[in-house]
Amino acid sequence: MVQQSAHIPQRKRFPRGQLLIDGQWRDASDGATLPTLDPTTEETITEFAKATIGDVDAAVQAARTAFETGAWPRMHHEARARVLFRVADLLDERAEDFALREAMDMGMPYRDFVDIIMPHCAGLFRFFGGLAMHAMDGAYRSSYDPHTRILTRREPLGVVAAITPFNFPLALTCSKVAPALAAGNTIVHKPASDTPLTALALAQVMLDAGVPEGVYNLITGPGGTLGDTLVKHSLVDKVAFTGSTAVGQNIIRNGADTLKHTTTELGGKSPNLIFADADIDAAVQVAFWGIFWNKGEVCVASSRLLVERPVYDEVVEKLARMAQAAVLGDPLDPQTQVGPIASRAEFDKVRQYVEAGKTSTARLVAGGGTRKINGKGLFIEPTIFSDATNDLKISREEIFGPVLPVIPFDNDDEAVRIANDTPYGLASGIQTRNLARALRLADRINAGTVWINTWHKYHPNGPFGGYKMSGYGREQGAEALESYTQHKSIWANIA
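I will try to describe carefully the structure that is included in this document. Just so it is clear, the model here is predicted, and its values are computed rather than measured.

### Description of the packing of helix α1 (residues 53–69) against helix α7 (residues 223–232)
The N-to-C vectors of α1 and α7 enclose an angle of 35°; their axes lie 10 Å apart at closest approach. Of the two elements, α1 crosses α7, and the hand of that crossing is right-handed. Facing I53, V56 and V60 of α1, the residues of α7 in contact are T225, L226, T229 and L230. Its residues assigned to classes, the contact of α1 with α7 shows five nonpolar, two polar and no charged.

### Looking at the packing of aromatic side chains
For the coordinates displayed, the defined rule picks out nine aromatic pairs. Taken together, a centroid distance of 5.5 Å and an interplanar angle of 50° make the contact between F168 and W293 tilted. Placement of the pair is F168 in the loop between β7 (159–163) and α5 (171–182) and W293 in the loop between α9 (280–292) and β13 (304–308), with a sequence separation of 125 residues. Judged by its relative accessible area of 8%, F168 falls in the buried class. On the basis of an interplanar angle of 70° and a centroid distance of 6.2 Å, the ring pair of Y458 and F464 is categorised as edge-to-face. Looking at F464, the relative accessible area reads 10%, which means it is buried. Every member of this aromatic cluster is reached through a ring pair, and the members are W451, W455, Y458 and F464.

### Some remarks on the pattern of salt bridges
Under the defined criterion, the tally for this structure stands at 34 salt bridges. Here K358 and E355 are joined by a salt bridge, their closest N and O atoms 3.3 Å apart. In this pair, K358 and E355 are both assigned in helix α11 (residues 344–358), three residues apart and thus about one turn of the helix distant. The partner of E381 in a salt bridge is R371, with the nearest N and O atoms 2.8 Å apart. Of this pair, E381 sits in the loop between β16 (376–380) and β17 (383–386) while R371 sits in strand β15 (residues 370–373), and the two are ten residues apart along the sequence. Judged by relative accessible area, which is 16%, E381 ranks as buried. On the accessibility criterion, R371 (32% relative accessible area) is partly exposed. Through salt bridges with shared partners, one network takes in E42, R344, D348 and K372.

Here is what the cut-offs are and how they apply
Residues numbered from 1 in each chain as written. Predicted model: local features only at pLDDT ≥ 70, side-chain atom pairs only at ≥ 80, totals over all residues. Heavy atoms only, no water. Axes fitted to C-alpha atoms, helices over the stretch in contact; angles between N-to-C directions. Helix = DSSP H or I, 4+ residues; strand = E, 2+ residues; numbered from the N terminus. Left-handed = near helix turned anticlockwise from the far one by under 90°. Contact = heavy atoms within 4.5 Å. Nonpolar A, V, L, I, M, F, W, Y, C, P; charged D, E, K, R; others polar. Phe/Tyr/Trp six-rings, centres within 6.5 Å; stacked < 30°, edge-to-face > 60°. Buried < 20%, exposed > 50% of the residue type's maximum accessible area, 1.4 Å probe, protein only. Salt bridge = Lys/Arg side-chain N within 4 Å of Asp/Glu carboxyl O.

Okay, structure coming up:
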């Protein structure tokens, strides 16, 4: 996560954002707009269209028409793959523009975005384009009757509503859009209203790459109104959502009447277990970046640290020193390690959790305050509470910020019990030199991802998703493509 380049890009004001409906950029039907703010300067970056319910319906109708009568679902999957490969190439070519947008819009360090996020996003389109070239092929199967043949084939679901969060705007859009398009679906994308800038740029990439009109549509504006409209719309076949558990539950309820397919990646309170036999210096690095990368605004942040008692004090001391030395600053500065919280609402929420930690039985050992850069900015210091227990508010609830409770344990069974004592099950980690122990414990931890001696490793080929209240379905991997398709069996009498 250490920045390598001395290049410092310059802020700029972006053009006003519009809606993309049926291949055409247009204003909201009533002309309304919303501002998007830079959390570093607390100034307006630009305005973007505030769509109406009528605009949502127009986007869905365009996607439905493109699905029912357009070329995209009927195109051979190899031809679709070529378009997706072109999307990937354009993402590579425009990486610095995307990075500037995300650094200004949500505060991720610019170099992290260029070096980590952009290759992953381009890789998603290459992976799913390549996967579709063979996975979408049909197959003949035999039956008891020698005069009968069965042809099985995968077909796209139809219109997919992709509803994405503020914290990884581009990555969590691409993880939905790439498999959905590869399978032949059409899209209506609704990004978070706090961070729409990369969504606007991605929609333009789709046009430039040759995605046909109506196949990819972009609606911007308030999530409650527009998201509910998409979820309840009778012409939407699937909703792919990343966000809070409460909103995910509402999406599932609201989609029940029309039997929506759903993929939901929801909240997390992911445990990271450090054992006494671990490489402690390496484990501390993993623990620090596991929670403080992207200022803790990460669904799978290692937001509960469980440490075996013989090394507990050493781990806490080293983590505290790292937190105190962390460089908070402008995400465009290559020296910055921790940027600003993405929005005022999130900033205020995280501060409330910090105060809850201060008044709890836990002990504040690092951070706990806020910062300003040149008198501005939504910065919260990397904050660590030691001597925490698993029943505290800061240990139970998803904070979604740079706040870490550290909990001691005495043996394997206690570590697993604490790790699983949560309604969530998104991710987890085990830091130990004993690989046999790590694999045994990985089988016992109720989480969709288990990292061993690492954290924040992702690849398009690795399925990603949660257990329990962290949602269901998977993004990435062949499992994701499966979730955007349905199977058809065709029986033929050849006698």
